[in-house]
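# Geometric and topological summary
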Amino acid sequence: GPDKRAAAEAERKRLEAEKQRKAEEEAAALAAAKAEEERQKRLAELERRRKLQSEYESSVGSAITLLESHATAANSHAELRRQLDPHCLPGESTSALERERIKFADSKKKLKSDLKKCTAFVKKIKSGSYPSPKELESGNNSSSPNHPIKTLNLTRYVEEVANALMEPQTKVKQADVPGMVALCVEMHRRYGGFAEALVPNLLHVVTNGTTGGGGGGNNSGEEGGLPRRICFRLLTEFVLHGVISDCKPVSKIIADATGAPSEEGKEYAVTDANLVVTFAKSGGNEILGVVPQSVRG
């Protein structure tokens, strides 16, 4: 009857309303899930960008620090080369190096010529104990104002110091080089004949492939002399620091090591890659103008 049809119609409408409600809930749930997925994607993208920005800023900061370090070192080397220049400038009667040595000669009366202390200093060098560059700085910047090189008169021990550097009793490492260079700079600044006693021996080792102590061609540097690579590193540093003013011998070594062609059109034939790498690392930036990849990147 009419009541049943009305009840059936009411039930149908209820079911349709329920179905519509469920569809709307499902659609809302899907929309919420999609919105959450999009939110997570945005958060992930923001995090990715944040990390990239952080890495970029860190890379730029490292490059700036490295550039500042290179610039500081280059300025320091330029100043040392000025101080140790053996050539007279136009209008001058003495060179900068001569003036440094005259100033040192005037202060000799304040120095000690104690045999025991001078011998102990030479032995310390021979044992592989080198000062740090900071120790040998002048004035208030020095961490060791009473270092023996500043308080002793080593005039009679110039060759002994040079020989001690060439014949260390322990294996010399690359980390020792800055201290050795600083020592050699101060010896060269004070004493004529020091570079002349040391540099030819370094060149002999590099060109003949032996060690500093005449180790019969042994290039390991384990004992009996200064390793060939250390000798060449010292020569390169001496050019940078002004101990060597004539670069031709070092240039010839590099030309030989790289196999530089004698005729135009021929290719390079590298004969000593290790020597080339040593030169590039220690002097490439200032001597060749090579920018480190860490900065270029």
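This section reports on the structure supplied with the text. Fair warning: this is a prediction, and the values are worked out from it, not measured in the lab. (Residues numbered from 1 in each chain as written. Predicted model: local features only at pLDDT ≥ 70, side-chain atom pairs only at ≥ 80, totals over all residues. Heavy atoms only, no water.)

### Topic: the overall build of the protein
A count of helical and extended segments in the protein gives 11 helices and zero strands. Its helices and strands in sequence order give the protein the pattern α-α-α-α-α-α-α-α-α-α-α, from N to C terminus. The contacts of the protein with a sequence gap of at least 6 include a subset with a gap of at least 24, amounting to 65%. When the accessible surface of the protein is split by element, carbon and sulfur atoms take 53% of a total near 18,500 Å². (Helix = DSSP H or I, 4+ residues; strand = E, 2+ residues; numbered from the N terminus. Contact = heavy atoms within 4.5 Å. Areas by Shrake-Rupley, 256 points an atom, 1.4 Å probe, with all protein chains shown as cover.)

### Remarks on the packing of aromatic side chains
Between two aromatic rings, the relevant description is the distance of the centres plus the angle of the planes. Applying the stated criterion to the full structure yields two aromatic pairs. For the ring pair Phe-104 and Tyr-191, a centre distance of 5.0 Å and an interplane angle of 80° mean the geometry is edge-to-face. Taken together, the positions of Phe-104 in helix H2 (residues 96–106) and Tyr-191 in the loop between helix H6 (177–190) and helix H7 (194–208) put the pair 87 residues apart, joining distant regions of the chain. Tyr-191 matches Phe-104 in its accessibility class, with the two residues each being buried. Ring geometry for Phe-232 versus Phe-279: centroids 6.2 Å apart, planes at 45°, classification tilted. Here the residue Phe-232 occupies a position in helix H8 (residues 228–241), and Phe-279 occupies one in helix H10 (residues 273–288), the gap between them amounting to 47 residues. (Phe/Tyr/Trp six-rings, centres within 6.5 Å; stacked < 30°, edge-to-face > 60°. Buried < 20%, exposed > 50% of the residue type's maximum accessible area, 1.4 Å probe, protein only.)

### Quick look at a nonpolar patch on the surface
A contiguous nonpolar surface patch, about 280 Å² in accessible area, is contributed by Tyr-56, Val-60 and Ile-64. For Val-60, the position within the fold is in helix H1 (residues 2–83). (Patch = residues over 30% accessible without salt bridge, like charges linked within 9 Å, V, L, I, M, F, W, Y side chains within 5 Å. Salt bridge = Lys/Arg side-chain N within 4 Å of Asp/Glu carboxyl O.)

### What to know about the packing of H8 against helix H9 (residues 248–258)
H9 packs onto H8 with a crossing angle of 135° between their chain directions and a minimal axis gap of 10 Å. Between H8 and H9, the angle is such that the two are oblique. Regarding H8 and H9, the two cross each other, and that crossing is left-handed. Every residue of H9 that contacts H8 at Phe-232, Leu-235 and Val-239 is listed here: Val-250, Ile-253 and Ile-254. (Axes fitted to C-alpha atoms, helices over the stretch in contact; angles between N-to-C directions. Parallel < 35°, antiparallel > 145°, perpendicular 65-115°, else oblique. Left-handed = near helix turned anticlockwise from the far one by under 90°.)

### Re the nonpolar core
Of all hydrophobic cores here, the largest spans 56 residues; its most connected members are Leu-165 and Leu-235. When residues in this core are grouped by element, the largest group, nine residues, is from H7. (Core = buried A, V, L, I, M, F, W, Y, C linked by side-chain atoms within 4.5 Å.)

### Regarding the side chain of His-147
Residue placement: His-147 occurs in the loop between helix H3 (115–126) and helix H4 (148–151). According to the relative accessible area criterion, His-147 is buried, its value standing at 7%. Apart from residues lying up to four places away in sequence, His-147 is in contact with Phe-121, Pro-131, Glu-135 and Leu-136.

### Some remarks on the side chain of Ser-95
You can see Ser-95 is positioned in the loop between H1 and H2. Setting aside anything within four residues of it in sequence, one finds Ser-95 in contact with Asp-85, Pro-86, His-87 and Cys-88.

### Structural notes on the pattern of salt bridges
Per the stated rule, a full pass over the model turns up 21 salt bridges. Between Arg-49 and Glu-45 there is a salt bridge, and its shortest N-O distance comes to 2.9 Å. Of this pair, Arg-49 and Glu-45 both sit in helix H1, four residues apart, roughly one helical turn. Taking relative accessible area as the criterion, Arg-49 reaches 52% and is therefore assigned exposed. Classification of Glu-45 as partly exposed rests on a relative accessible area of 27%.

Shape descriptors only; they carry no functional weight alone.
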